[in-house]
Amino acid sequence: MEYFIGIDVGTTGTKALLFDAHGEILHRAYRSYPLMNPAPEQTEQNPMDWYQAVCLTVKECTTKLEEPSQVTALSISAQGGTLVLCDESGRPIRNAISWLDRRAKKESEELCQAKEEDYYYLHTGWRVNHGYHLAEIKWLVKHEPELIKQTRFFLSPLDFLNLKLSGEAVSDYTNVAITNLEDIRKRNWEKSIFDDLGIKEKQLPRLAPAGTVIGTLTKKAASELNLSERTLLINGGYDQYCAACGLGAVSKGDVMLSTGTAWVLIGITDQLVFDRNSYIAPGLHVVPNRYGVMASLETGGVSLEWIRNKILSIHSHIHYNEINRQAEARGEGANGLLFYPYFAGSTCPTWDSNLKSSFLGLTLYHDGYDMARAVMEGVVYAVDGILQAFEKAKIKSEKIKMTGGATKSPFWSQMISDITGIPVELYHEADSAAIGAGIIAAVGSKKFEDFSAAITAFKQDSHMLFPDEEKKRKYQVIKKRYWDGLQFLRGFYREEVE
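Everything numeric in this text was worked out from a predicted model, so none of it was measured.

Parameters at a glance
Residues numbered from 1 in each chain as written. Predicted model: local features only at pLDDT ≥ 70, side-chain atom pairs only at ≥ 80, totals over all residues. Heavy atoms only, no water. 1 Å grid on protein atoms, 1.4 Å probe; cavity = no way out; pocket = protein on both sides within 12 Å on 5 of 7 lines; lining within 4 Å. Points joined across faces, edges and corners; volume = space filled by probe spheres on them. Helix = DSSP H or I, 4+ residues; strand = E, 2+ residues; numbered from the N terminus. Nonpolar A, V, L, I, M, F, W, Y, C, P; charged D, E, K, R; others polar. Buried < 20%, exposed > 50% of the residue type's maximum accessible area, 1.4 Å probe, protein only. Pairing = 2+ DSSP bridges. Core = buried A, V, L, I, M, F, W, Y, C linked by side-chain atoms within 4.5 Å. Contact = heavy atoms within 4.5 Å. Arc of directions from axis to C-beta. Polar contact = N/O pair within 3.5 Å; in protein donor to acceptor, adjacent residues only side chain to side chain. Phe/Tyr/Trp six-rings, centres within 6.5 Å; stacked < 30°, edge-to-face > 60°. Axes fitted to C-alpha atoms, helices over the stretch in contact; angles between N-to-C directions.

Draft legend 1. Examining the layout of surface pockets more closely. Size it by volume and the second largest pocket reaches roughly 240 Å³. Pro349, Gly385, Gln388, Ala389 and Lys392 are the residues nearest the centre of the second largest pocket, which is lined by 13 residues in total. Among the elements that make up the lining of the second largest pocket, the one with the highest residue count is helix H13 (residues 368–392) (5 residues). Looking at side-chain class alone, the lining of the second largest pocket contains 3 nonpolar, 6 polar and 4 charged residues.

Draft legend 2. Summary view of empty space enclosed by the protein. What the rule picks out here adds up to 3 cavities of 30 Å³ or more. Size it by volume and the largest cavity reaches roughly 110 Å³. What lines the largest cavity is a set of 15 residues, and nearest its centre among them are Leu297, Tyr342, Ser346, Thr347 and Cys348. Among the elements of the structure, strand E18 (291–297) and H13 are those that each provide at least two residues to the lining of the largest cavity. Roughly 50 Å³ of volume is contained in the second largest cavity. Only helix H4 (133–143), strand E8 (153–155) and helix H7 (173–176) provide two or more residues apiece to the lining of the second largest cavity.

Draft legend 3. Quick look at the pairing of strand E16 (residues 263–269). Counting buried positions along E16 gives 7 out of 7 residues, so the element sits mostly inside the fold. What you see with E16 is no split at all: Trp263, Leu265, Gly267 and Thr269 on one side and Val264, Ile266 and Ile268 on the other are buried throughout. Sheet topology places strand E15 (residues 254–259) next to E16; 5 bridges connect them, and they run antiparallel. Bridge pairing in E16 links Ser258 to Val264. Counting the residues between successive antiparallel strands, the hairpin from E15 to E16 contains 3 residues.

Draft legend 4. Local environment of the nonpolar core. Trp263, Phe390 and Trp412 are the most contacted members of the largest nonpolar core, which has 60 residues in total. With 15 residues, H13 is the largest single contributor of residues to this core. Beyond its immediate stretch of four places on either side in the chain, Trp412 contacts Trp263, Leu304, Asn324, Met376, Val379, Val380 and Ala406. Counting 42 residues, the second largest nonpolar core, distinct from the first, contains Trp126, Cys242, Ala441 and Ala454.

Draft legend 5. Representation of helix H16 (residues 451–458) within the structure. Residues Phe451, Ala454, Ile455 and Phe458 constitute the buried set of H16. Considered in projection along H16, the buried side chains sweep an arc of 100° and stay on one side of the axis. On its buried face, H16 is in contact with strand E2 (13–20), helix H10 (239–247) and helix H15 (432–444). One side-chain oxygen at the N-terminal end of H16 lies 3.3 Å from the backbone nitrogen of Ser452; it belongs to Asp450.

Draft legend 6. Spatial organisation of the packing of aromatic side chains. Counted under the stated rule, the structure contains 20 aromatic pairs. Taken together, a centroid distance of 5.1 Å and an interplanar angle of 80° make the contact between Tyr121 and Tyr279 edge-to-face. Of this pair, Tyr121 sits in helix H3 (residues 119–124) while Tyr279 is found in the loop between E16 and strand E17 (281–284), placing the two residues 158 residues apart along the sequence. Among the residues examined, Tyr121 registers a relative accessible area of 2% and is labelled buried. By relative accessible area, Tyr279 is classed as buried at 12%.

Draft legend 7. Region of interest: the sheet that holds E15. Read from one edge to the other, the open sheet built from 7 strands follows the order E17-E18-E16-E15-E21-E22-E23, with strand pairing classed as mixed. Each having just a single partner strand, E17 and strand E23 (462–465) make up the two edges of the open sheet. The sheet shows a mean angle of 25° between the axes of neighbouring strands, direction not considered. As judged from the 4 bridges shared by E17 and E18, these two strands associate in the antiparallel manner. Along E18, the bridge assignment pairs Leu284 with Tyr291.

Printed below as a string of structure tokens:
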């Protein structure tokens, strides 16, 4: 019997799934690790925490196998945007700078001023972000020049772990797109972007498509993972595109909605799509000849966590099941209350860093569960705004494939279909990125002839939700009030800044 392992290296923890040759999940394991905040607006991680978590979760998954050689291949899905500096031996020389880091805001502004408008967006598919590699490297050149001199590799979590496991620093196109260093059309590093930083292309990982065989595990890695040195390491990808693969979101018209701390949407296309109004981020899919556009609500899931922890659980702990029950009883529109889920400003489609989270319409009549209902609705209105941006860019959303924490709430999941008017396919298995990595491992090792066959074999249980037409009509009216209110808030917070 052959086995495959899919690994998802996330921001706060790593998951590993063990699959048999038919795509069935046999075992799973998880290890968490901390984020560090050494100074205001700075967020870092120890890269070796990721590697240790990979070792521990893989070993836990394979304890019941008779022989480690039964694991044919493994592949990694990883968080994007986080920067790792390594020396000649592949050893990290400082903590990784997380994609959540905000220290390089000034450097981002300087980079944009040095190029024509939208240069980076039109070349890399992403607007310059102070949490991605380009701005972070510029910050390091200015503030930690001695470390820059010691750096042999500028890596992301995917390429760092590929290096640790195989001795080869390799990344894929989905992962490097978010660095602001890749020319997305040429599928290669864009020298004109990083030449002025004084770094060389040889300091960056080799690029190869997801599903490429990187090699076998090193003797040291095989021992630490309790696997055979013959185990193949298959190049993985950026976690969001791996999740789309795991959900089978690979056809034009499919939309993946991943509901974690942030809510992320990827609309599947058959070509690169740029839109300078909404700045949706075009990218290559891990599946060949497929593309996507990506946008996110950075504080989607955390908004409900906030209302539970800071408002509803002041005196005693309130379970999410109770929040769902009480919020559902409040009815569409939360008794006239609106919530705007912009704790970190807004991105697509409004792009307003001054915007803050707000309630509109709060009265003495409302209680904490009205507020919870408004929070849940506000998050979905923001998602609907992203889907409208997709549509304006001529990307039709025909079905939402949904995964993540919000799938545990039938009420919230149904609300997504009612507000957007789009059918929702609800997946019962939340670890879609690790499933996508397992699919990539199986395809890369030639167990399946193509991604289509592997996705069919690895497909997890799901069920469909369809819009309730009466609720859909009610929400059409409320949505207009929501967007009218947003324009007022944008003006209010703009005046506050000025």
